[in-house]
Amino acid sequence: MKIHFISDHCPSHIIRKFFFRLAGGKIGSGSAIHMSTRYFDPAGISIGNDTVIGFGTFMDGRDKLTIGSHVDIASEVMIYNSEHDIHSEDFHAITAPVEIGDYVFIGPRAIILPGVKIGKGAIVAAGAVVTKDVPEYSIVGGVPARPIGERTVKHLHYQLGRARLFQ
């Protein structure tokens, strides 16, 4: 509850990162977590360097969630690594790790489901629901997400912008 209060009301990325680390999460240098981000079990979440986690994002740490470096996750993205087994008589929860490679862009309101690996340089379009692995440098969109293109630049080396207050 404290980490969510800080996430909602503290304009400083440094303080939000401090409380994320205090809760057991790992986050690299130059990375930023925007306001109103929510977590299940931050101790299961690892974020690389120079990565931006957008406003209102949800990250699930009940299984391992690994986010690479130079990743841009837009606002209100949901990343889950636990779900109910709909084919089970008792509807029990199942978990699977999620891995997001370096230089990935995930558009606003996309949903990433358990067990998915998103390859280096991939793009997930806004509103997509990712149920299967996404190959490196591919562009996916839709529900469920399907390939819609490929990124032409393969030698990525950009740095994301610096964080501002009240983001």
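The preceding data block contains the structure.
Residues numbered from 1 in each chain as written. Predicted model: local features only at pLDDT ≥ 70, side-chain atom pairs only at ≥ 80, totals over all residues. Heavy atoms only, no water.

Just give me the short version of the sheet that holds strand 4 (residues 45-47), but keep the residues and values in it.
On the basis of which strands lie adjacent, the open sheet formed by five strands has the order 1-4-7-12-15 and parallel pairing. The strands lining the two open edges of the sheet, one partner per strand, are strand 1 (26-27) and strand 15 (117-118). (Pairing = 2+ DSSP bridges. Helix = DSSP H or I, 4+ residues; strand = E, 2+ residues; numbered from the N terminus.)

Pulling in residues and values, what's your account of helix 1 (residues 2-9)?
Every α-helix carries 3.6 residues per turn, so stepping three or four residues along brings you back to the same face. Three or more residues of helix 1 are buried, namely Ile3, Ile6 and Ser7. All buried residues of helix 1 project into a common sector of 100 degrees when viewed along the axis, lining one side. Seen from the open side of helix 1, the exposed residues pointing more than 90 degrees away from its buried face are Lys2, Phe5 and His9. Buried-residue contacts for helix 1 involve helix 2 (13-22) and strand 3 (38-40). (Buried < 20%, exposed > 50% of the residue type's maximum accessible area, 1.4 Å probe, protein only. Arc of directions from axis to C-beta. Contact = heavy atoms within 4.5 Å.)

Explain the sheet that holds strand 9 (residues 78-79) to me, using residue names and the numbers behind them.
Pairing within the open sheet is parallel, and its five strands lie in the order 3-6-9-14-17. Two strands bound the open sheet, and with one partner strand each, they are strand 3 and strand 17 (129-130). Pairing of strand 3 with strand 6 (residues 58-60), which is carried by three bridges, proceeds in the parallel orientation. Among the inter-strand pairings, arginine 38 is bridged to a residue of strand 6, identified as phenylalanine 58.

Can you explain the environment of serine 75? Please cite residues and give values.
As for its position among the elements, serine 75 is in the loop between strand 8 (72-73) and strand 9. With relative accessibility at 32%, the residue serine 75 sits in the partly exposed group. Between the C-alpha atom of serine 75 and that of serine 138, which follows or precedes it by 63 residues, the distance is 21 Å. Residue contacts for serine 75: discarding those within four places in its chain leaves Gly54, Phe55, Pro108 and Arg109.

So, the pairing of strand 19 (residues 146-150): which residues are in play, and what are the values?
Consecutive residues of a regular strand have side chains that alternate between opposite faces of the sheet. In terms of residue burial, strand 19 counts as a barely covered element, since only zero of its five residues are buried. Note: strand 18 (residues 138-141) against strand 19, four bridges, orientation antiparallel. Bridge assignment links isoleucine 139 to a residue of strand 19, and that residue is glycine 149. As consecutive antiparallel partners, strand 18 and strand 19 are separated by four residues, and within that stretch glycine 142 has a phi angle of approximately 100 degrees, a positive value.

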